[in-house]
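# Summary of the model geometry
The chain contents come next:
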Amino acid sequence: MAETQTGEPGGKKGLFTYQGVAVWRHSRIIEWALQIVSAVVVVALVVWFFTNIANEVRDREIPYGFEFLDRAYQTPIGEHFLPYESSDSFLYALGVAATNTIIVSIVGVVLATALGIIVGVARLSGNWLVSKIAQAYVEFFRNVPLLVQLFFWFYIVLALPPVREGHVLGGLLYINNAGISLPFPQPAGAETGAWIILAALAVISGFFAYRLLSARETQTGRPSYPIWAAMTTAIVIGAAGWLIISFIGGEAPLSMSSPEPQGRFGRISGGWTIRAGLMVLLVGLVIYTSSFIAEIVRAGIQSVNRGQIEAARALGLTPMGALRSVTFPQALRVIIPPLISQCLNLTKNSSLGGAVGYTELTNVAITMTQTAPAISIFILIMAAYLAMSLTYSLVGNIYNYRIRFT
Amino acid sequence: MAADTQAGGRPPATPDIPPPRTETGAIGWAYANLFNSRHNAALTVLVGAVTAIGLWFCLKWIIFDADWSVIATIGGRFIIGNYNTDHACPGNNCFWRPQISLLMVTTLLGMGWGIAAGGTAKRVAIAATAIIILLAFLPYSLERMGWDVRLLLLANAPALALGWALGRYTPLGSVRWIIIFTVAGFLIHLLLMRGIEGVPALQPVAINQWGGLTLNLMLAAAGIGLSLPIGIALALGRRSRMPVVKLLCVAFIEVFRGVPLITLLFMSQVLVPLAFPEDFPLDNLFRAAVVITLFSSAYMAENIRGGLQALHRGQAEAARALGLPGWQTTMLISLPQAIRNVIPAIVGQFIGLFKDTSLVYIISMLDVLEIGRTFIQGNTEYLSHAKELFIFIALVFWVFTYGMSYISGKVEEHLGVGRR
């Protein structure tokens, strides 16, 4: 717009004109003035904010800086997947807490996506009953705050009997207010490592068998059963490796370990215990997030042109087959971007874990502020969360970039 | 149709055979929706059986096994928290102040009904007032809930009628006046709750004693009212061609979207007081409102940006071609259409904001959820009945959030989104 006016030969000339237009009416000058003003205001606010904080920190002798990171944290962390001792440093403790957040996020994202797809597809089912149940599920869990749901599950678990009087199912499954204990394979030294390498090889060879046979199927049209062949290959190699390794090493690579109550208080050792905090947080996060994902999946499937489904059915595909190989791949383009933002929400919502006794990043950071400078800790965990959110954005951008060319 | 065929000179038609029983009525419906294939019939039987058993156990639990007395024990504290306790309000005579706010709300609802002349506004106004009036008939003894409380609750019926008459028959019946009254009412509410030093009936009540559902609704109202304009400004800034403004908006949006709300809330408690003079009136409520509003406006900006991006370029170009200056193009052409197209996302964000008000527990504010949780922690004999309590709180939240999405659906229908 500015350009059209600048060319006019009859523009007024004067002290307060630029390119023949009065400066307070010239859009480019207005824009620059606006930018300079907003930049000055924001910079002034930020400087004022942090100068005040810096002054207060100096006057009240509040500790700051990052020297504390090497000090021993001296506080237990309830749940940890990495080995952790109270004598470990603050930095390592933050790493342990971040690992907790990442693990609950990964497991939660996988489960919530699976459940969300099931509910979303059920919502579109031709069966009235199934679709109404899915709708009720979505409308209820989506509209109730996550924290309320977490407390609900938390107090249900809390009301379970204590470890000593806990429920035992078939002598294998122990359910009590400390969590669920179930049998789990236990590694056994060098044999385990060798077998894991072999098992990985088995999976890779199964994958190649699948690629090879499905290529043959598409080229020749002869049925080659790629999935069955791949699974057989993987299982045969894995089982053969198991037998050979146990024969040579004299010990099975993995042995089943069952939970056993021990001692006067019936503490359970062996097997694998999913602690109450992790369980409650996972159940809450998965149910809550899956109700959002279900709506995204439904909208995505509905966005696919009806003609696509009708054409697939006319070609003789079953309803399930049409969904799997025609509708769903097209719906994915609509589904993936909001799905990624839901996964990011799940990660951020895992910060509520502290309320139900799961020691994730925010919870540990808040505890740390009692013995370490709060400002430094907040800078660190903000950086950690921003890094996680950038990772999700990166995945989303890569996906967007890839579908552009297909 | 029958008349047409006779007029054409053909022999009189035999009377129509009624459609087969399996095509109409309940049986036809069941055939079409539940048993239309063998596989679907099996699914219906299986899912139906599981649902029936589940419902049976749920009903049995709700009626016989559950003990709902914990809800009656907490009672009015769900709504106003510790506002009317001896500690906060010596003499326990502060209960009428939130009640006045409630009367203002019903009057505004009535005005909305009067202006919209029925439809959804009518249903919402009547349903809300009916619930409030039903509260007056709760089976409490008179000591627990006196005549004064019950009468103030009943006064909501005339308040609704008054609002309706104001909206219908006076020049105040316009959306502009409703917005003005809502803002004014909110400020009066704050003043009432706070109290005025020296006025005998309005003894001051410390802000950290406010709580309950009132707190959630206050935070949500402030957040909803402010996050939309801030979000619009941020979205426009992010799309502007001015690099500095764009950079600032992007930085704000990404930082607030990248960090969990409770981290921000806790940070506001630790960091923000350091930045202000010590006598600055910086209470928890104010800080929570600011943080929740800013957090929500970052999401709101992204929703509105999506709406602006989806808008066809031709709209803005046509407006410019008609000679509208830039800001009028945005205000009159682009924004209204963009907002109309993303109403579901905006209301979804409002719902998210209302749900997020339950996170203020992290800065030790007693919202409706925290009231319940602290009660359970302080009275361990109710520990085994915590389920009932949290189901009740979930339903309270659900009524509001589902109501919001219901109204948004109706507004969309009214504006004809997706039809034009």
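About the criteria used
Residues numbered from 1 in each chain as written. Chains lettered and ligands numbered in written order. Predicted model: local features only at pLDDT ≥ 70, side-chain atom pairs only at ≥ 80, totals over all residues. Heavy atoms only, no water. Helix = DSSP H or I, 4+ residues; strand = E, 2+ residues; numbered from the N terminus. Buried < 20%, exposed > 50% of the residue type's maximum accessible area, 1.4 Å probe, protein only. Contact = heavy atoms within 4.5 Å. Areas by Shrake-Rupley, 256 points an atom, 1.4 Å probe, with all protein chains shown as cover. Domains from an automatic or database assignment. 1 Å grid on protein atoms, 1.4 Å probe; cavity = no way out; pocket = protein on both sides within 12 Å on 5 of 7 lines; lining within 4 Å. Points joined across faces, edges and corners; volume = space filled by probe spheres on them. Nonpolar A, V, L, I, M, F, W, Y, C, P; charged D, E, K, R; others polar. Buried area = accessible area lost by both parts, 1.4 Å probe. Salt bridge = Lys/Arg side-chain N within 4 Å of Asp/Glu carboxyl O. Polar contact = N/O pair within 3.5 Å; in protein donor to acceptor, adjacent residues only side chain to side chain. Expected span 1.5 Å × (residues − 1). Patch = residues over 30% accessible without salt bridge, like charges linked within 9 Å, V, L, I, M, F, W, Y side chains within 5 Å. Phe/Tyr/Trp six-rings, centres within 6.5 Å; stacked < 30°, edge-to-face > 60°. Lys NZ or Arg CZ within 6 Å of the ring centre and 35° of its normal. Axes fitted to C-alpha atoms, helices over the stretch in contact; angles between N-to-C directions. Parallel < 35°, antiparallel > 145°, perpendicular 65-115°, else oblique. Left-handed = near helix turned anticlockwise from the far one by under 90°. pLDDT = per-residue confidence, 0-100. Pairing = 2+ DSSP bridges. Disulfide = S-S within 2.5 Å.

Time to look at the overall build of chain B. Helix and strand content of chain B: 20 helices and one strand. Split into buried and exposed, the 420 residues of chain B put 41% on the buried side. At a minimum sequence separation of 6, the contacts of chain B that also span at least 24 residues come to 71%. In the structure as shown, chain B presents an accessible area of about 22,400 Å², 69% of it carried by carbon and sulfur atoms.

This part takes up the domain arrangement of chain B. Segmenting chain B into domains produces domain 1 (90-205) and domain 2 (228-420). Between the C-alpha centres of domain 1 of chain B and domain 2 of chain B the distance comes to 25 Å.

All names here are of chain B. Under the definition given, this model contains one cavity of 30 Å³ or more. For the largest cavity, the calculated volume is near 40 Å³. Every residue lining the largest cavity is listed: Ile207, Asn208, Trp210, Asn284, Leu285, Ser364, Met365 and Leu366. Considered class by class, the residues forming the lining of the largest cavity number five nonpolar, three polar and no charged.

Counting residues at the interface gives 51 residues for chain A, matched by 57 residues for chain B. When chain A packs against chain B, close to 4,900 Å² is buried across both sides, 75% of that on carbon and sulfur atoms. Counting across the chain A and chain B interface gives one salt bridge. With its nearest N and O atoms 2.8 Å apart, the salt bridge here joins A:Glu31 to B:Arg241. Between chain A and chain B we count twelve residue pairs in polar contact (both at pLDDT 80 or more) in total.

A separate point is the domain arrangement of chain A. Its domain assignment divides chain A into domain 1 (2-59) and domain 2 (63-159 + 278-406). Here domain 1 of chain A and domain 2 of chain A have C-alpha centroids that lie 43 Å from each other.

Time to look at helix 10 (residues 175-194) of chain B. Given a rise of 1.5 Å per residue, 20 residues ought to cover 28 Å, and the 28 Å separating the end C-alpha atoms of helix 10 of chain B matches this to within 8%. In the stretch just after helix 10 of chain B, B:Gly195 is the one whose phi turns positive, near 85°.

Within the secondary structure, A:Thr113 is located in helix 3 (residues 90-123). Those residues in contact with A:Thr113, other than ones at most four positions away along the chain, are A:Ile293 and A:Leu339.

Moving on: a nonpolar patch on the surface. All names here are of chain A. A cluster of nonpolar side chains, contributed by Tyr210, Tyr225, Ile227, Trp228, Met231 and Ile235, occupies part of the molecular surface with about 700 Å² of accessible area. With four residues, the top contributor of residues to the nonpolar patch is helix 7 (residues 226-249). By secondary structure assignment, the location of tyrosine 225 is in the loop between helix 6 (190-220) and helix 7.

This paragraph deals with the pattern of salt bridges. Residues and elements named next belong to chain B. Following the criterion strictly, the structure yields eleven salt bridges over all chains and no others. Among the salt bridges present, the one from lysine 410 reaches glutamate 413, with a minimum N-O distance of 4.0 Å. With a gap of three residues between them, lysine 410 and glutamate 413 both fall in helix 20 (residues 386-415), about one helical turn apart. The exposure class assigned to lysine 410 is partly exposed, which follows from its relative accessible area of 26%. One continuous salt-bridge network, built from bridges that share partners, spans Arg238, Glu254, Glu302 and Arg305.

Bringing the packing of aromatic side chains into the picture now. Two measures describe an aromatic ring pair: the distance that separates the ring centres and the angle between the ring planes. Under the criterion given, the structure shown has 26 aromatic pairs over all chains. Centre to centre, the rings of A:Trp195 and A:Trp242 are 5.2 Å apart; their planes meet at 85°, and the pair counts as edge-to-face. Taken together, the residues A:Trp195 in helix 6 and A:Trp242 in helix 7 connect sequence positions 47 residues apart. Plain terms: the ring middles of A:Phe378 and B:Phe266 are 5.8 Å apart, the flat faces sit at 55° to each other, and that makes the pair tilted. With A:Phe378 in helix 12 (residues 374-403) and B:Phe266 in helix 13 (residues 261-270), this pair bridges two chains. Across the pair, B:Phe266 and A:Phe378 agree in class, each one buried. Taken together, A:Phe151, A:Phe154, A:Tyr155 and B:Phe390 form an aromatic cluster joined through their ring pairs. Its end group placed over the ring of B:Tyr299, B:Arg257 keeps NZ or CZ at 5.7 Å from the ring centre.

This part takes up helix 12 of chain A. Counted at 1.5 Å a residue, the expected span for helix 12 of chain A with its 30 residues is 44 Å, and the 44 Å between its end C-alpha atoms agrees. Of all the positions in helix 12 of chain A, only A:Ala374, A:Ile375, A:Ser376, A:Ile377, A:Phe378, A:Ile381, A:Met382, A:Tyr385, A:Met388, A:Ser389, A:Tyr392 and A:Gly396 are classed as buried.

All names here are of chain B. For glycine 163, the location among the structural elements is in helix 9 (residues 156-169). Residue classification places glycine 163 among the buried positions, given a relative accessible area of 0%. Taking C-alpha positions, glycine 163 is 6.1 Å from leucine 108, a pair spaced 55 residues apart along the chain. If sequence neighbours within four positions are ignored, glycine 163 has contacts with Thr107, Gly110 and Met111.

Taken N-terminus to C-terminus, the directions of helix 12 of chain A and helix 13 of chain B make an angle of 160°; their axes are 11 Å apart at the nearest point. By the angle between their directions, the pair helix 12 of chain A and helix 13 of chain B is classed as roughly antiparallel. When the axes of helix 12 of chain A and helix 13 of chain B are compared, the crossing they make is left-handed. Each of A:Ala374, A:Phe378, A:Ile381, A:Met382 and A:Tyr385 in helix 12 of chain A lies in contact with helix 13 of chain B, whose residues at this interface are B:Thr263, B:Phe266, B:Met267 and B:Val270. Its residues placed into classes, the contact of helix 12 of chain A with helix 13 of chain B shows eight nonpolar, one polar and no charged.

Counting all residues, the mean pLDDT for chain A is 85, and 95% of those residues have values of 70 or more. Between residues 1-10 of chain A, whose pLDDT stays under 50, and residues either more than four places distant or in other chains, the model counts nine contacts.

Residue and element names in this part refer to chain A. The strand order 3-4-5-10 describes an open sheet built from four strands, whose pairing is antiparallel. If you trace the sheet from one side to the other, it starts and ends with strand 3 (167-169) and strand 10 (272-275), each paired once. Pairs of neighbouring strands in the sheet enclose a mean axial angle of 15°, with direction left out of account. The strands touched by helix 8 (residues 276-302) within the sheet are strand 5 (179-182) and strand 10, with strand 10 carrying the most contacts at an inclination of about 60°.

Further remarks concern the side chain of B:Thr129. Residues and elements named next belong to chain B. Structurally, the position occupied by threonine 129 is in helix 7 (residues 119-135). Exposure remark for threonine 129: the relative accessible area of 2% places this residue in the buried category. Among residues more than four places away in sequence, those in contact with threonine 129 are Thr106, Asn156, Ala157 and Leu160.

Quick look at the state of the cysteines now. Two cysteines joined by a covalent bond between their sulfur atoms form a disulfide. All names here are of chain B. All chains considered together, the criterion is met by one disulfide over all chains. Between the sulfur atoms of cysteine 89 and its disulfide partner cysteine 94 the distance amounts to 1.9 Å. The disulfide joining cysteine 89 to cysteine 94 has a torsion of about 75° about its S-S bond and is therefore right-handed. Owing to a relative accessible area of 0%, cysteine 89 belongs among the buried residues under this scheme.

This part takes up the packing of helix 8 of chain A against helix 10 (residues 319-349) of chain A. Residues and elements named next belong to chain A. The contact between helix 8 and helix 10 brings their axes to 8 Å, and the two run at 145°. Two packed elements cross with a definite hand, and for helix 8 against helix 10 that hand is right-handed. Contacts from Leu285, Tyr288, Thr289, Phe292, Ile293, Ile296, Val297, Gly300 and Ile301 in helix 8 reach Leu323, Thr327, Phe328, Ala331, Val334, Ile335, Pro338, Leu339, Gln342, Leu346 and Asn349 in helix 10.

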